[in-house]
Amino acid sequence: MEQFAGDQYNIISTGTGPVPQATAALPAPPAHLVGRTSEAEQLLELLDPEGQGPSAVVVSAVFGLAGIGKTALALHVAHEAAIVRNWYPGGVLFVNLRGYDPEGQVTGGQALAALLRALGVRDKDLPSTTDEQAAFYRSELARMADQGRRVLVVAGNASTAAQVSPLIPARREHRLVVTSRDILAALPARQLGLYELAPGPARELISDSLSRARPDDARPSREREALDEVVRHCGRLPLALEIAAARLTGDPGLSLAAFAAELADDRGRLEHLRYDDGGHSLAVRAAFEGSYRRLDPAQALLFRRLSLNPGPDLATDAAEALVGRPARRLLADLARTALLSEQPVGAGRWRMHDLIRLYAAELAEGDDAGARAEAAGRLLEHYATTFEAATALLVDLPEERIRQRFGSRGEALGWLKGERANLTAAAQTFSRSHPDVVVRIAFDLVHRLFQWRYFDDGTAVAKAALAVVDGHGTMSDRGGLHTILGMALFGAGRRAEAVAATQESIRIYRELARDQPDAEPLVGRSLANLGFQEPDPERRRMAAEEAVSIGRRWAGADPALPHVELAGALHNLSVALADLGRHSEAVAPAQEAMEIRRRQAQAAPGAFQRYFADLLIHLSAKLLEAGRPEDAVLRATEGEDVFRQLAAEDLRAHEHALCDALARLGLACVVVGRTEEARELHAQAMTMAARLGENAEVTAVLTEFTRALPAAEKGGLWHRIAKTYRDRRST
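Described in the following lines is the structure provided in the data block. Please read all numbers here as calculations on a predicted model, not as lab measurements.

## Here we look at the environment of Q110
Note that Q110 resides in helix α4 (residues 108-118). With relative accessibility at 42%, the residue Q110 sits in the partly exposed group. Taking C-alpha positions, Q110 is 9.0 Å from L97, a pair spaced 13 residues apart along the chain.

Following this line, the structure appears as structure tokens:
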């Protein structure tokens, strides 16, 4: 399959006399163009002669990364328009401008001469200057337009507008299609961007190529997962996929799994994506080199530096940290060459194709190691300081520098969400080279990832930070990192590992407290966590009671002191008591914890509002179990209202808790006879649970509850549902 046409076509001739008819000079289209239906339709719409008139688009420019299939699309559409639909009876003129050829590009004057020859002009009749040739060219096209002989001109691989400008027809009956790796902004053209294929068409490109070569080749159907891996490693770039297909065709004994394993090595992938049969050569690296050679020194430096960012994209200010200077214009320059893209346009976020990133990383290895390290350090410090500013604002730390960095909570939260993947990747990538900075942000970062339910990411960050402090870091850091690791592991459903991590933090903190008694509240914090994580409720009760004892000892007259964490210990003690069947005893610690959280939330809502709402919902459940449904409704109503406010600001962090709050309020409402309100609440909870992908058991119980609402009784269905939700919160 010819998905990528490459640079092999050229109709420039040095002979004399007329060249063949224009339509005969048009190279063959790809045998089967995949994944470009929408783009082909857009281009055909622009080429439709019925579109003539004042608004007719004469020039259409197809731009995109090297190897993205621009020429293939242009040839496919040219054949469809001129031959299949017969829109251009005057023929199709094609010229390859070789804009990225290391041997030199075709000038506008050379292209004009080639097209005039294609129109039947002999060399001896060609005007001597480019301006005269351009006038002759326009005159010939005007004469053909008067005769009703519309012409389509296809100019491939242009790198500058100067190459193309002389080729633009003066009459609207004609059309010009240009392909380029660059956005040729100086052209009066409709721009059409091409990007990587969708996964399905990318798989189809390889599968069709193999089946066309050998109809009995069963590798694509037999090794579907390996085919997906090959497609992923090729970045769904048509050139890379064509090379992969060529290699697999040339080696029918090579399994897709083995080939995927070859490509899995980042450092060797570009070398593997090369094919040479002795006469025809294809290589991803060579295609990229043509674009890189045309960059000026500042653009080239930024291009190489961008590979130091370990995340999937980066913002303009992060790029500026890499090069230590304003970068928006340089980024736009790289985007114009298709080595980078702003996604979405205007967002100030920039993304490299995966294979381009590997190419940039290869080039960056040739830079001075010290300069690379300095750039990486600036980038990490940018991420760290901005993360700290955003986090501090969200938890209501009143620092002037924070207000200067972010104008609002929404702005700070937006930054955190936009940079989540970069922060996670940076913490892991730079943990060895910049351990102090990574440890500095690890605690709050894992906590934020936990809130957003990125538990695996939180686990990875905690482990990366632990790897550089275990054995030589401070005991406080090691204990704290084991604490957050336990929290992340618990969220990921790895309960036994979570308990082990939390127990290790308790051991470290107890040892620290022997020399530093004021570290004992840290022991209490970890014990409070163990009081929630332990699978055995009696062990949870014992851990929580010790945590409460430590908390009371250090809180003194002010139980709301945030560093003591008495409220969390009381909360988990209440849960453990309820799970042991001691429902009446569970109310008092929950009530006390709720009042502490209320005071804390009033002082710093950003830090404690979520915990306060959790306590309100938990207390509602305990009051219901203790036979106090009216009080349960009051607490659940207040908690549900708080969670709605929180979810309005950050849905990702609070939607699961809001779903739980709706269900628990509904449980209380049905017991006090507010059946219609309960129906509505549980309908909302069921819809939310289905969207969130909650486990099937909970969804089934909610469905059963809604159907059985009229028959629900105090000691029956509501209690079973309450237990289901309690179980969910403790797993």
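## A short note on the packing of aromatic side chains
This structure, assessed with the given rule, holds 8 aromatic pairs. Aromatic pair Y292 and F303: ring centres 5.6 Å apart, planes at 40 degrees, arrangement tilted. Of the two residues, Y292 is situated in helix α13 (residues 284-292) and F303 in helix α14 (residues 297-306); the sequence distance between them amounts to 11 residues. You'll find Y292 and F303 in the same group, each marked buried. Note on Y292 and Y359: the rings are 6.1 Å apart at their centroids and 85 degrees apart in plane angle, and the pair reads as edge-to-face. One end of the pair, Y292, is in helix α13; the other, Y359, is in helix α17 (residues 354-364), and 67 residues separate them in sequence. For the pair formed by Y292 and Y359, the shared burial category is buried. Three or more aromatic residues joined by ring pairs form one cluster here, namely F288, Y292, F303 and Y359. Across from the ring centre of F406, 4.5 Å away, lies the NZ or CZ of R405, which sits over that ring. A cation over a ring is seen here: R420 above Y454, with NZ or CZ 3.8 Å from the ring centre.

## As for the pairing of strand β1 (residues 59-63)
Burial runs high along β1: 5 of the 5 residues are buried. Relative to strand β4 (residues 175-180), β1 runs parallel, the two sharing 5 bridges. Paired with A61 across the two strands is V178, which belongs to β4. Pairing analysis gives 5 bridges linking β1 to strand β5 (residues 189-193), with the strands arranged parallel.

## What about the packing of helix α7 (residues 199-213) against helix α9 (residues 224-233)?
At a closest axis distance of 10 Å, the pairing of α7 and α9 adopts a crossing angle of 110 degrees. Looking at the two axes, α7 sits roughly perpendicular to α9. Facing α7, whose interface residues are A202, R203, I206 and S207, α9 presents L227, D228, V230 and V231. Residues that form the contact of α7 with α9 fall into these classes: 5 nonpolar, 1 polar and 2 charged.

## So, the pattern of salt bridges
Inspection of the entire model under this criterion finds 53 salt bridges. Between R553 and E520 there is a salt bridge whose closest N-O contact spans 2.6 Å. On the criterion of sequence distance, the pair formed by R553 in helix α26 (residues 537-555) and E520 in helix α25 (residues 520-533) is long-range, its members being 33 residues apart. A relative accessible area of 48% means that R553 is categorised as partly exposed. Among the ionic pairs, E638 bridges to R598, the shortest N-O distance being 2.9 Å. Of this pair, E638 sits in helix α30 (residues 629-649) while R598 sits in helix α28 (residues 583-603), and the two are 40 residues apart along the sequence. On the basis of relative accessibility, which here comes to 25%, the residue E638 falls in the partly exposed class. Its relative accessible area of 21% is what places R598 among the partly exposed residues. A single salt-bridge network, built from bridges that share partners, covers E271, R274, R285 and E362.

## Things to note about the sheet that holds strand β10 (residues 349-351)
Two modes of strand pairing occur in sheets, parallel and antiparallel, and in both the strands are linked by backbone hydrogen bonds. Here 3 strands make up an open sheet; going across it, the order is β8-β10-β9 and the pairing antiparallel. Each end of this open sheet is capped by a strand with a single partner; those strands are β8 (314-315) and β9 (341-342). Inspection of the sheet shows β8 paired to β10 by 2 bridges, in the antiparallel sense. Each residue of the ladder has a partner; that of A315, found in β10, is R349.

Rules of the game
Residues numbered from 1 in each chain as written. Predicted model: local features only at pLDDT ≥ 70, side-chain atom pairs only at ≥ 80, totals over all residues. Heavy atoms only, no water. Helix = DSSP H or I, 4+ residues; strand = E, 2+ residues; numbered from the N terminus. Buried < 20%, exposed > 50% of the residue type's maximum accessible area, 1.4 Å probe, protein only. Phe/Tyr/Trp six-rings, centres within 6.5 Å; stacked < 30°, edge-to-face > 60°. Lys NZ or Arg CZ within 6 Å of the ring centre and 35° of its normal. Pairing = 2+ DSSP bridges. Axes fitted to C-alpha atoms, helices over the stretch in contact; angles between N-to-C directions. Parallel < 35°, antiparallel > 145°, perpendicular 65-115°, else oblique. Contact = heavy atoms within 4.5 Å. Nonpolar A, V, L, I, M, F, W, Y, C, P; charged D, E, K, R; others polar. Salt bridge = Lys/Arg side-chain N within 4 Å of Asp/Glu carboxyl O.

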